[in-house]
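This is what each chain is made of:
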Amino acid sequence: MSNFHDTIVAPITGTQPAAVASIRISGDRAWEFAAKVFDRLPTDPTARYAYYGRFIHGDDGLLLLFEKGHSFTGEETAECQIHGSPASVRALVSHLIGLGARMAEPGEFTYRAFMTGRMDLSQAEGVRETVDSQTARQLQQANMMRQGVLREAVSQAREALFGVLAMVEATVDFSEEIGELDRDEAIRRLPIGQLEDLAATAQQGLLTRQGIAVAIVGPPNAGKSSLLNRLLGADRAIVTPVAGTTRDTIEESAEINGLLVRFIDTAGLRAATDEAEKLGIERSTEAALGADRTWFVYDASIGWGEAEQSEWERLMKPQTIVANKCDLARKSNQDHFAVSALTGEGISSLTNTLLTLEQAEAAVTINGRHAPLVQRALSSARAAKDVFESPVPDDLAAVHLRDALHALGEITGDTASEDMIDRIFRDFCIGK
Ligand SMILES: Nc1nc2c(ncn2[C@@H]2O[C@H](COP(=O)(O)OP(=O)(O)O)[C@@H](O)[C@H]2O)c(=O)[nH]1
Ligand SMILES: [Mg+2]
C-alpha cells in the first residue's frame, strides 16, 4: 500500500445507481477538504453530527465528521452522503482529488484501520467476509470475526505461550537463583487444548464459507432438473420430457436454513448412446464423487428397477435416495425420501437432512488462511511438550514456542510479513 500520509477518498457504497451513495475521506486533511466542498459546516464543527447542506457540485445531502481515533480507519474522517448517482459520485470525488486528496486503493480504508490498530488482521478479514456474506450463517461468522472473537482466542493462546517461554528463558538465564524449571507447570500452561478446539473449527468454517455441495444424480427423466428448479425457486435448468436433455452439469447456490448449498444438476445416468451424452455422464459421476452429499433421484411412478439399482451401486458412495413424482406414485419405499418436484411435497424434509451435517453453532470458526497456521502452532506446542517430557535440556523447547507464537501472530498480523498483509488487502474491493 502506498503513502500512509496521504488523505484518501473513495465511494464506500456500490457503483450502481441507488438512492444514496456515501463517499469517505480519511487522513489528516479530511475535515479541511470536507469544509471546502460543503456549504454548511461551522468553523468549529461537531464530530458524529449529521450536517445537512449543499455540496460543491450542486448535489445536496449529509456530511458526517469523525475524529481521529473514533473512526473506521482510526484517522480523521469525513463521510459525504449524496444522491447515489454515479455522475454525482464522480463529480464530488474529482473535486476532492483536485483539492489534494488521493483515490483510495482497494482495501486501503481497512488497511489503515489495521495499521492504526483499530483492528487486527483477522478482524480486517472479518470486514471482508461481512461484505461478502451471502447467507445468515456466513454473516454470523463474519460478525464474530469482525468483533474480534478469533483475535481474542488467538491472543489468549499467544499469551499462554509467552508465559511458558518466559519460564524457560528465566530458568536458562537465572537457573542458579530460581532453580529448575517446573516442567509440569510449563506443560499445564501450554494452550494445546485451546489450539485443538480452534483447529477443530476448520471443517465447520469451510462448510459455512464454501457451502455444502449437493450433487443431484439419477436416471434421465427422474425429475432432477425439476428438483433443482424447485429448490432454487426459479426456472434455472431446462426441463423437458425428453430423456437425456441435460448433458452438462449446472451449478447453482441457494440458502437453505441459513446455509449456503451448491446444487449440482447432472446428466442422467444410463448407458449413453452418443459421445456427448457419454461425456455428460462422466461429469455427473465426477460431480457425484466430489460433492459433500449425493442425492440419487428416481421416478417413483415407474419404481426402483434394475437400471436404478445398478447406477446406484456403480457410484459406490453413500447417497440419499429420493423418490420423485410422489404425486403420481401410490406407494414408495419407506427408506426413500418421497418428494414431488411438481407440488413441493416432501422437499423440506429432504433439505433438512443437510443440517445434520453441521448443526448451527455460535462459535467462531477459522478460515482457509488460518487453518494451516493453527495446525503449525499446534504441532509446535506439542513439540515443546515433548521436550518437557524428555530428558533433554528445557531450552530446546524455546524454538518450538517461538515458532508457535510466530504462526499465531500471522493470524492476528503481529508477525505477518508485509507481503502477506498486502496479499490479504489486495483481494478487497475499492472503498473497503
Ligand atoms: N408429475 C410429476 N412430474 C414431474 C415431477 N418432476 C419432474 N416431472 C416431469 O418429468 C419430466 C422430466 O423432468 P426433468 O426435470 O427434465 O428430469 P431430469 O431428466 O431428471 O432432469 C418433465 O416432463 C417434468 O415436468 C414431479 O414431481 N411430478
Ligand atoms: Mg435434467
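*Asks:* Lay out the overall build of the protein in plain terms, naming residues and giving numbers.
*Replies:* If you tally the helices and strands in the protein, you get 17 helices and twelve strands. For the protein, the C-alpha radius of gyration of 29 Å lies well beyond 22 Å, the compact-globule estimate for 432 residues. A principal-axis box enclosing the C-alpha atoms of the protein has dimensions of 80 × 80 × 35 Å. The proportion of buried residues among the 432 residues of the protein is 40%. Across the protein, every contact between residues at least 6 apart in sequence was considered, and the portion connecting residues at least 24 apart equals 63%.

*Asks:* So what about the sheet that holds strand β11 (residues 320–324)? Which residues, and what values?
*Replies:* One open sheet accounts for six strands, arranged β8-β9-β7-β10-β11-β12; its pairing is mixed. Only two strands of the sheet have a single partner each, and these edge strands are β8 (250–256) and β12 (337–338). Two strands pair when backbone bridges link them, and β11 and β12 are joined in this way by two bridges, in the parallel orientation. Bridge pairing in β12 links Val322 to Phe337.

*Asks:* Please give an account of the domain arrangement of the protein that cites residues and values.
*Replies:* For the protein, the domain assignment lists domain 1 (8–118), domain 2 (127–201 + 365–426) and domain 3 (208–357). With centres defined by C-alpha atoms, the gap from domain 1 to domain 3 works out at 51 Å.

*Asks:* Can you tell me about the sheet that holds strand β5 (residues 77–84), naming the residues and giving the values?
*Replies:* Sheet strands associate in pairs through backbone hydrogen bonding, adopting either a parallel or an antiparallel arrangement. The mixed open sheet is built from six strands, whose spatial order is β3-β4-β5-β2-β1-β6. Each edge of the open sheet is held by one strand with a lone partner, namely β3 (50–54) and β6 (102–103). Sheet analysis places strand β1 (residues 8–11) next to β6, joined by two bridges and oriented parallel. If you follow Val9 over to β6, its bridge partner there is Met103.

*Asks:* Quick one: what's the story with the nonpolar core, residue by residue and with numbers?
*Replies:* Nonpolar side chains in soluble globular proteins tend to be buried together. Ranked by size, the top nonpolar core spans 69 residues in total, and within it Val9, Ile25, Ala34, Leu92, Ala377 and Leu408 carry the most contacts. Counting the residues that make up this core, at least three belong to each of domain 1 (8–118) and domain 2 (127–201 + 365–426). For Ala377, the residues in contact, after removing those within four places along its chain, are Leu195, Ala404, Ala407 and Leu408. If you look at the next biggest cluster of nonpolar residues, it comprises 33 residues, including Val261, Ala287, Tyr298 and Ala341.

*Asks:* Mind laying out the environment of Arg118, listing which residues take part and the relevant values?
*Replies:* Topologically, Arg118 is positioned in the loop between α3 (108–115) and α4 (121–132). Classification of Arg118 as partly exposed rests on a count of 18 C-beta atoms within 10 Å. In this structure, the C-alpha to C-alpha distance between Arg118 and Glu75, residues 43 residues apart in sequence, is 9.7 Å.

*Asks:* Can you tell me about the packing of helix α15 (residues 370–389) against helix α16 (residues 396–412), naming the residues and giving the values?
*Replies:* At a minimum axis separation of 8 Å, α15 and α16 run at an interaxial angle of 165°. In terms of orientation, α15 and α16 fall into the roughly antiparallel class. Relative to α16, the crossing made by α15 is left-handed. Listed contacts from α16 to His370, Leu373, Arg376, Ala377, Ser380, Ala381, Ala383, Ala384, Val387 and Phe388 of α15 are Leu396, Ala397, His400, Leu401, Asp403, Ala404, Ala407, Leu408, Glu410 and Ile411.

*Asks:* Please provide a residue-by-residue account of unusual backbone geometry, values included.
*Replies:* Within the chain, Arg48 stands out as a residue other than glycine whose phi angle is a positive 55°. Topologically, Arg48 is positioned in the loop between α1 (30–37) and β3. Of note, Met316 is a non-glycine position whose phi angle comes to about 45°, a positive value. Relative to the helices and strands, Met316 is located in the loop between α13 (306–315) and β11.

*Asks:* Now, about the environment of Glu105: what can you tell me, with residues and values included?
*Replies:* If you trace the backbone, Glu105 turns up in the loop between β6 and α3. Residue classification places Glu105 among the partly exposed positions, given that 16 C-beta atoms sit within 10 Å. A sequence separation of 245 residues divides Glu105 from Leu350, and the C-alpha atoms of the two residues are 46 Å apart.

*Asks:* Report on the pairing of β3, specifying residues and quantitative values.
*Replies:* In summary, the side chains of a regular strand alternate between the two faces of the sheet. Taking burial as the measure, the five residues of β3 include zero buried ones, a minor fraction of the element. For β3 and strand β4 (residues 60–66), the ladder comprises five bridges, and the chain directions are antiparallel. Looking across to β4, one finds that Tyr52 is bridged to Leu62. Linking two consecutive strands that pair antiparallel, namely β3 and β4, is a turn of five residues; a positive phi of about 105° is found at Gly58 within it.

*Asks:* Describe the packing of α3 against α4, and please don't skip the residues or the numbers.
*Replies:* The interhelical angle for the contact between α3 and α4, taken along N-to-C directions, is 155°, at an axis separation of 9 Å. Classified by the interaxial angle, the pair formed by α3 and α4 is roughly antiparallel. The hand of the α3/α4 crossing is right-handed. Across the interface between the two elements, Thr110, Ala113 and Phe114 from α3 touch Leu121, Ala124 and Val127 from α4. For the contact of α3 with α4, the class distribution of residues is five nonpolar, one polar and no charged.

*Asks:* How would you explain the pairing of β5 if you had to name every residue and give the values?
*Replies:* By the bridge criterion, eight bridges tie strand β2 (residues 18–26) to β5 in an arrangement that is antiparallel. For Ala21, the partnering residue across the bridge sits in β5 and is Ile82. In this sheet, β5 lies alongside β4 in antiparallel orientation, the contact comprising five bridges. Bridge pairing in β5 links Leu65 to Ala78.

*Asks:* So what's going on with helix α2 (residues 86–99)? Which residues, and what values?
*Replies:* Taking 1.5 Å per residue as the helical rise, α2 with its 14 residues ought to reach 20 Å, and the 20 Å between its terminal C-alpha atoms agrees with that figure. The elements touched by buried residues of α2 are β1, β2, α1 and β5.

*Asks:* Report on the environment of Gln194, specifying residues and quantitative values.
*Replies:* Inspection of the secondary structure assignment puts Gln194 in helix α9 (residues 192–199). Once the C-alpha coordinates of Gln194 and Leu378 are considered, the two residues, 184 residues apart in sequence, prove to be 9.2 Å apart. Excluding anything up to four places from it in sequence, Gln194 contacts Ala153, Gln156 and Ala157.

Each value, and the rule that gives it
Counting of residues starts from 1 at the beginning of each chain's written sequence and follows it residue by residue. Here the convention is simple: chains get letters from A, ligands get numbers from 1, in the order in which they are written. Thresholds applied to this predicted model are a pLDDT of at least 70 for local features of residues and 80 or more for the giving and counting of side-chain atom pairs; totals over whole chains, interfaces and linings are not thresholded and use all residues. Strands here are runs of E lasting at least two residues and helices are runs of H or I lasting at least four, both read from the DSSP assignment and numbered beginning at the N terminus. The reference for a compact globule is 2.2 Å times residues^0.38; the radius of gyration itself is calculated from the C-alpha atoms. With C-beta atoms placed from the backbone, a residue is buried if 20 or more other C-beta atoms are within 10 Å of its own, exposed if 12 or fewer are, and partly exposed between those counts. Note that contacts rest on C-beta atoms placed from the backbone: two residues are in contact if these are within 7 Å. Here, strands pair whenever DSSP counts at least two bridges between them. Each domain span listed reflects an automatic or database assignment of domains. By definition, a nonpolar core groups buried Ala, Val, Leu, Ile, Met, Phe, Trp, Tyr and Cys residues that connect through C-beta atoms lying within 7 Å of each other. Convention adopted: a line fitted to C-alpha atoms gives each axis, helices being fitted over their contacting stretch, and angles between N-to-C directions are expressed from 0 to 180 degrees. Roughly parallel refers to an angle under 35 degrees, roughly antiparallel to one over 145, roughly perpendicular to one between 65 and 115, and oblique to any angle outside these ranges. Note on convention: the crossing is left-handed when the near helix lies turned anticlockwise from the far helix by less than a right angle, right-handed when the turn is clockwise. In this classification, Asp, Glu, Lys and Arg are treated as charged, Ala, Val, Leu, Ile, Met, Phe, Trp, Tyr, Cys and Pro as nonpolar, and every other residue, Gly included, as polar. The span expected for a helix works out to 1.5 Å for each residue beyond the first.

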